[in-house]
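# Examination of the molecular architecture
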Amino acid sequence: MKKLPAWLVYTLLRVGVVLVALIVLLLLGFNPFVAALIAVVVGLLVSYLALGRQRQAFGDELARRRAHPEEVRAKRRLGRVADDIEDAELDEAERQADGTAGDAAKSDDAAKPDA
C-alpha cells in the first residue's frame, strides 16, 4: 500500500482536530460563529502541541523538494510518460476489441444464407 504524503497526513489531522472541537462546542450550545473561531484556535494549539512529529515530517518533505527540484520534476515527467503509455495501451486494446467485434459480426453475416 502506498504511503500518504506527509502534507496530506498533517492537513487531515489538523482538519480533524478542528472538526472535533467544532462539534463539541456546537453540542455544548455555543453560537456557531463563536464555536468556529474557538475551534480554529483550539485546532492551532492542539496541532502545535500534539502533531510535532507530523509537522516535522511535513517540513522535511518540503525541504527535500526545495533542495532537489530537478528530482521532483523528473518524477512528475516520469508519471506523465507512464500515463501516456497506459493511455496508448488502453486505446490499442480498445481498437483491437472493436476490430475483433466488427470481424465477428461480418463473419456471422457471411454465414447466413440469403433468403
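Notes on the structure follow. Everything numeric here is computed off the predicted structure, so don't read it as measured data.

### Structural notes on the packing of helix α1 (residues 6-27) against helix α3 (residues 52-67)
- At a closest axis distance of 8 Å, the pairing of α1 and α3 adopts a crossing angle of 145°. Our pair here, α1 against α3, has a crossing hand that is left-handed. When α1 is examined against α3, the residues Ala6, Trp7, Val9, Tyr10 and Leu13 are found in contact with a partner set consisting of Gln54, Arg55, Ala57, Phe58 and Glu61.
- Looking at the contact of α1 with α3, its residues break down into seven nonpolar, one polar and two charged.

### Here we look at the packing of α1 against helix α2 (residues 32-50)
- Packing of α1 against α2 leaves a shortest axis separation of 8 Å and a crossing angle of 140°. One way to sum up the angle between α1 and α2 is to call them oblique. The way α1 lies across α2 gives a crossing that is right-handed. Counted together, Tyr10, Arg14, Val17, Val18, Ala21, Leu22, Leu25 and Leu26 of α1 and Pro32, Ala35, Ala36, Ile38, Ala39, Val40, Val42, Gly43, Leu44, Val46 and Ser47 of α2 form the full contact between these two elements.
- A breakdown of the residues in the contact of α1 with α2 according to their chemical character gives 16 nonpolar, two polar and one charged.

### Quick look at the side chain of serine 47
- Its location among the elements puts serine 47 in helix α2.
- Look at serine 47 and you get buried, because its relative accessible area is 2%.

### Observations concerning α2
- Taking 1.5 Å per residue, 19 residues should reach 27 Å; α2 reaches 25 Å between its end C-alpha atoms and fits that length.
- Here α2 has its buried residues at Ala35, Ala39, Gly43 and Ser47. The buried residues of α2 occupy an angular sector of 90° when the element is viewed end-on, so they sit on one face. Turned more than 90 degrees away from the buried face of α2, the exposed residues are Phe33, Tyr48 and Leu49.
- Looking at the buried positions of α2, the neighbouring elements they touch are α1 and α3.
- The backbone nitrogen of phenylalanine 33 has a side-chain oxygen 3.1 Å away, supplied by the residue at the start of α2, namely asparagine 31.

### Focus on the pattern of salt bridges
- Applying the stated criterion across every chain, the model contains one salt bridge.
- A salt bridge links glutamate 92 to arginine 95; its shortest N-O distance comes to 3.0 Å. Taken together, the residues glutamate 92 and arginine 95, both in helix α4 (residues 69-111) and three residues apart, mark about one turn of the helix.
- What makes glutamate 92 partly exposed here is its relative accessible area of 35%.
- Judged by its relative accessible area of 52%, arginine 95 falls in the exposed class.

Criteria and thresholds
- Residues numbered from 1 in each chain as written.
- Predicted model: local features only at pLDDT ≥ 70, side-chain atom pairs only at ≥ 80, totals over all residues.
- Heavy atoms only, no water.
- Axes fitted to C-alpha atoms, helices over the stretch in contact; angles between N-to-C directions.
- Helix = DSSP H or I, 4+ residues; strand = E, 2+ residues; numbered from the N terminus.
- Left-handed = near helix turned anticlockwise from the far one by under 90°.
- Contact = heavy atoms within 4.5 Å.
- Nonpolar A, V, L, I, M, F, W, Y, C, P; charged D, E, K, R; others polar.
- Parallel < 35°, antiparallel > 145°, perpendicular 65-115°, else oblique.
- Buried < 20%, exposed > 50% of the residue type's maximum accessible area, 1.4 Å probe, protein only.
- Expected span 1.5 Å × (residues − 1).
- Arc of directions from axis to C-beta.
- Polar contact = N/O pair within 3.5 Å; in protein donor to acceptor, adjacent residues only side chain to side chain.
- Salt bridge = Lys/Arg side-chain N within 4 Å of Asp/Glu carboxyl O.

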